[in-house]
Protein chains: 2
Amino acid sequence: MDLRELIDLLPAGTVLTDPDVLAGYRQDWAKDPAAGTPLAVVRATGTADVCTTLRWADEHRVPVVPRGAGSGLSGGATAVDGGIVLSTERMRGIAIDPVTRTAVVGPGLLNAEVKRAVAEHGLWYPPDPSSFEMCSIGGNAATNAGGLCCVKYGVTTDYVLGMEVVLADGTAVRLGGPRLKDSAGLSLTKMFVGSEGTLGVITELTLRLLPAQPAQSTVVASFATLTAATEAILAVTGALRPAMLEFMDSVAINAVEDELRMGLDRDAAALLVARSDAPGDHAAQEARIMLEACRAAGATEAFHTADPEEGEAFTAARRYAIPAVERLGPLLLEDVGVPLPRLGDLVTGIAEIAERNDVTVSVIAHAGDGNTHPLIVHDPADPDETERAHRAFGEIMALAIALGGTITGEHGVGRLKKAWLPDQLGPEVMDLTRRIKTALDPHGILNPGAVL
Amino acid sequence: MDLRELIDLLPAGTVLTDPDVLAGYRQDWAKDPAAGTPLAVVRATGTADVCTTLRWADEHRVPVVPRGAGSGLSGGATAVDGGIVLSTERMRGIAIDPVTRTAVVGPGLLNAEVKRAVAEHGLWYPPDPSSFEMCSIGGNAATNAGGLCCVKYGVTTDYVLGMEVVLADGTAVRLGGPRLKDSAGLSLTKMFVGSEGTLGVITELTLRLLPAQPAQSTVVASFATLTAATEAILAVTGALRPAMLEFMDSVAINAVEDELRMGLDRDAAALLVARSDAPGDHAAQEARIMLEACRAAGATEAFHTADPEEGEAFTAARRYAIPAVERLGPLLLEDVGVPLPRLGDLVTGIAEIAERNDVTVSVIAHAGDGNTHPLIVHDPADPDETERAHRAFGEIMALAIALGGTITGEHGVGRLKKAWLPDQLGPEVMDLTRRIKTALDPHGILNPGAVL
């Protein structure tokens, strides 16, 4: 494919073809071994560049893999041979309107940058993937990303009021806007959220913001058994809506304690970290209710603190679990979710899968919303162990589906999970998905191989 | 069209053809004068009946107009000549899970019935159209209905976690489920919410519920000018997130006072009713902040009350505004919304449109989210006045679009507003909408003439 036409159509320096540069854009954090080598990376400076690139690609039938910060964990931004990687990392504008509590943001801003910018106006953008310091807001919208606060505050789609998105043929359209209510036409904004770059490339987002989150009270509780912990989770969520309710198993507790030395109970089977952000005294009241629920479920140790720094330290410990467990070896990172009453079945079932396949699986979870991240430790240099790890990876998804759950709560399907998507959705929904994909991207240039 | 095959395929008594019965299903509350006479009304008893009806209709190319409670205000359920009206009014199952705070409901349940059933479990389904005692939950989902609480709690789509929907060819599919997080595949659930029966017929909904709403404090404030009132609205929403922030203009105040005799200030240009549901004492604190904001904006009279009955009386007065104004004459009911900072321009612009066209327009509004219901009073027996009323109807939508708003915040486009939809969305988004419609309903049998 002759790139000269595309290079001439775009601003100087936008199209990168240096092999060393291309190598850095072949994979996202999923480190998909099947990644190809792209023809070029286009680092768009604005919507016009995205339009130009897609118009050219559609005409020449060149695959385009949209890419945010490259922090995806399902291979949604895995490059394909002969394709273009279209990066939105340079599209970083932001305009905040404190009156309507909305922000118009470029997709290349990091989640943390959005949070910080709006915080200067006393506002809060809730969705908080653990990777918030390195994931882009555009990628968050493309995967319908979640995080720790979702149990009370919902996921990315709940905060996207509008967008500009460029369709496969290079047409830019505006959907929605800074309005809490809009019933005019199909809910297209919501359809593009979570579409993982298969229907269009998001070039701008209009986000709904909340007033700054009140100070939080935090509860930390250890349990001698997984069952006691999952019973405590149901007791907590049955009593109130926590602002956060996180879970770490024994492997994660010990991996974190190895690194952070903060006195976590190394003998515990599970640790819960729960928070309340109810206004004023109500946070402490809710913390006490959660504390009692944990004790009634058999917590071996439990305490609460209204000290923001202490609470944040335990939250940070939970966020640190993935890198800590990664010290034990490379991870296959799962993202399955189940309806909350099935969480106990999921967690005990995962332990059985780990044992049967003779692999270490550490489970951490956004427990309050039933979304778990089983971390499958394996040595890629050991083919047998790698095979067992991948078998466990598939069995965990099958288990989640059997429990009425989902193969991905917040990371997206990408390329790593697409083989299991039909098992969850069924042939009719797959067909429906394909019909929409074909209607919007008839030449199949947008992120081919992802999701479908 | 020979109905015998359909009658034989469905349970006895499901297909109604009595002309008197058909007459009652020709129109919804929009009273579309262009309504046709259907071949038959199918009152489905369950999903299987919906599948059978659509399979038959798709094969024979018979138009199907889905219908909930018939309380729609945009003509989304206007019958078409030679078509089937497919009513879900008999599909009224409900199963509530207090642990996951979800309910699985049949589309034929009224919004109020859902609210009451979940309240028995200490739970709350927030969306609250003013018609909540007579509108169906299926229709709420089909129009992405809103209400008074949306300023804080969002709209119907924010509470729909999953659904069963029957596609044009009669295939039933399940989308989403009782999970707060799910990134598996396209966000199809959200796409069907607000699709006004043009893409499928919703046969079951999985709803997210909240804990029961805390007791509310209420602020009532009168203003001598529209501008003072809209300034107060911005001051209130700038200071906090009210649980409700409603507006009535002078015509509405007097119409309500004529009926209810509750001592509303008949000389006021506008009345605001605002509520806080912050926990415990915080509701009264927030009420005081709102009271001060109203006074600072020049309220002529303002007070707050923590008495639930008194607060509810003023909320009921606001809800009663539409029937009260209707006593002045038949209404053309508008539903335009704008970004909140443009609300003042919208309200004053509507007054100019009313004067220019010599018609009475009463404005009531879910002011906190920028969604207004200008009520255009006119006498259908007077062709000249009717023409002026319809001209004002169109001019108000054009004004909303010019102010960056929407032609419909919560009622849907239906048939009454579709002529203005392209002005809001533009040709590219209309084309995108048509491509999705064609992909999902290739023979165009589902609610033809609505939206598109």
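Residues numbered from 1 in each chain as written. Chains lettered and ligands numbered in written order. Predicted model: local features only at pLDDT ≥ 70, side-chain atom pairs only at ≥ 80, totals over all residues. Heavy atoms only, no water.

Within an unreviewed UniProt entry, the label attached to chain A reads FAD-linked oxidase C-terminal domain-containing protein, and the organism entered is Nocardia fusca. Taken directly from UniProt, the Cofactor (unreviewed entry) text for chain A runs: "FAD". (UniProt positions renumbered as here; feature names shortened; annotations may be inferred.)

Asks: Would you mind showing me how to read the nonpolar core here?
Replies: The tendency in soluble globular proteins is for nonpolar side chains to be buried side by side. If you look at the biggest cluster of nonpolar residues, it comprises 180 residues, and the most contacted ones within it are A:Phe192, A:Phe223, A:Phe247, B:Phe192, B:Phe223 and B:Phe247. In this view, B:Phe247 contacts B:Leu226, B:Ala229, B:Ile233, B:Ala270, B:Leu271, B:Leu272, B:Arg318, B:Val347, B:Val363, B:Ile364, B:Ala365 and B:Ala367; residues no more than four positions away in its chain are not counted. (Core = buried A, V, L, I, M, F, W, Y, C linked by side-chain atoms within 4.5 Å. Buried < 20%, exposed > 50% of the residue type's maximum accessible area, 1.4 Å probe, protein only. Contact = heavy atoms within 4.5 Å.)

Asks: For this particular structure, what's the right way to read the sheet that holds strand 6 (residues 102-105) of chain B?
Replies: Backbone hydrogen bonds hold the strands of a sheet together, and the pairing may be parallel or antiparallel. All names here are of chain B. Strand order in the open sheet formed by 5 strands is 5-6-10-8-9, with antiparallel pairing between adjacent strands. Strand pairing shows two members of the sheet lacking a second neighbour, strand 5 (94-97) and strand 9 (172-176), which therefore form its edges. Mean inter-strand twist for the sheet, computed between neighbouring axes without regard to direction, equals 15 degrees. Summarising the sheet, strand 8 (residues 160-167) and strand 10 (residues 200-208) pair through 7 bridges and their orientation is antiparallel. Considered in strand 10, the bridge of Val165 is made with Ile202. Seen against the sheet, helix 3 (residues 47-60) touches strand 8, strand 9 and strand 10 and runs at an angle of roughly 40 degrees to strand 8. Lying over the sheet, helix 4 (residues 111-119) contacts strand 5, strand 6 and strand 10, oriented at roughly 40 degrees with respect to strand 5. (Pairing = 2+ DSSP bridges. Helix = DSSP H or I, 4+ residues; strand = E, 2+ residues; numbered from the N terminus. Axes fitted to C-alpha atoms, helices over the stretch in contact; angles between N-to-C directions.)

Asks: Can you help me understand the pairing of strand 13 (residues 244-249) of chain A in this one?
Replies: It is a general feature of regular strands that their side chains alternate between the two faces of the sheet. Residue and element names in this part refer to chain A. The element strand 13 is largely enclosed, with a buried count of 6 among its 6 residues. Bridge count between strand 13 and strand 14 (residues 270-276): 6 bridges; the pairing is antiparallel. Counterpart to Asp249 in the pairing with strand 14 is Ala270. Summarising the sheet, strand 13 and strand 17 (residues 360-366) pair through 2 bridges and their orientation is antiparallel. If you follow Met248 over to strand 17, its bridge partner there is Ile364.

Asks: Can you walk me through the side chain of A:Asn371 in this structure?
Replies: Its place among the elements puts A:Asn371 in strand 18 (residues 371-377). A distance of 3.1 Å separates a polar atom in the side chain of A:Asn371 from a polar atom in the side chain of A:Asp335. Apart from the residues lying within four places of it in its own chain, the contact partners of A:Asn371 are A:Asp335, A:Val336, A:Gly337, A:Ala365, A:His366, A:Gly409, A:Glu410 and B:Lys181. (Polar contact = N/O pair within 3.5 Å; in protein donor to acceptor, adjacent residues only side chain to side chain.)

Asks: Where do I start with the pattern of salt bridges in this structure?
Replies: Oppositely charged side chains may form a pair once their charged atoms are brought near each other. Residues and elements named next belong to chain A. Per the counting criterion, the structure on display carries 48 salt bridges over all chains. Two residues, Asp345 and Arg342, come together in a salt bridge whose shortest N-O distance is 3.1 Å. Residue Arg342 is classed as partly exposed on the basis of its relative accessible area, which comes to 34%. In this structure, Asp431 engages Arg435 in a salt bridge whose closest nitrogen and oxygen atoms are separated by 3.3 Å. Linking Asp431 with Arg435, this pair stays in helix 15 (residues 421-440), spanning 4 residues, or about one helical turn. The exposure class assigned to Arg435 is partly exposed, which follows from its relative accessible area of 21%. Through salt bridges that share partners, Glu164, Arg174 and Glu204 make up one connected network. (Salt bridge = Lys/Arg side-chain N within 4 Å of Asp/Glu carboxyl O.)

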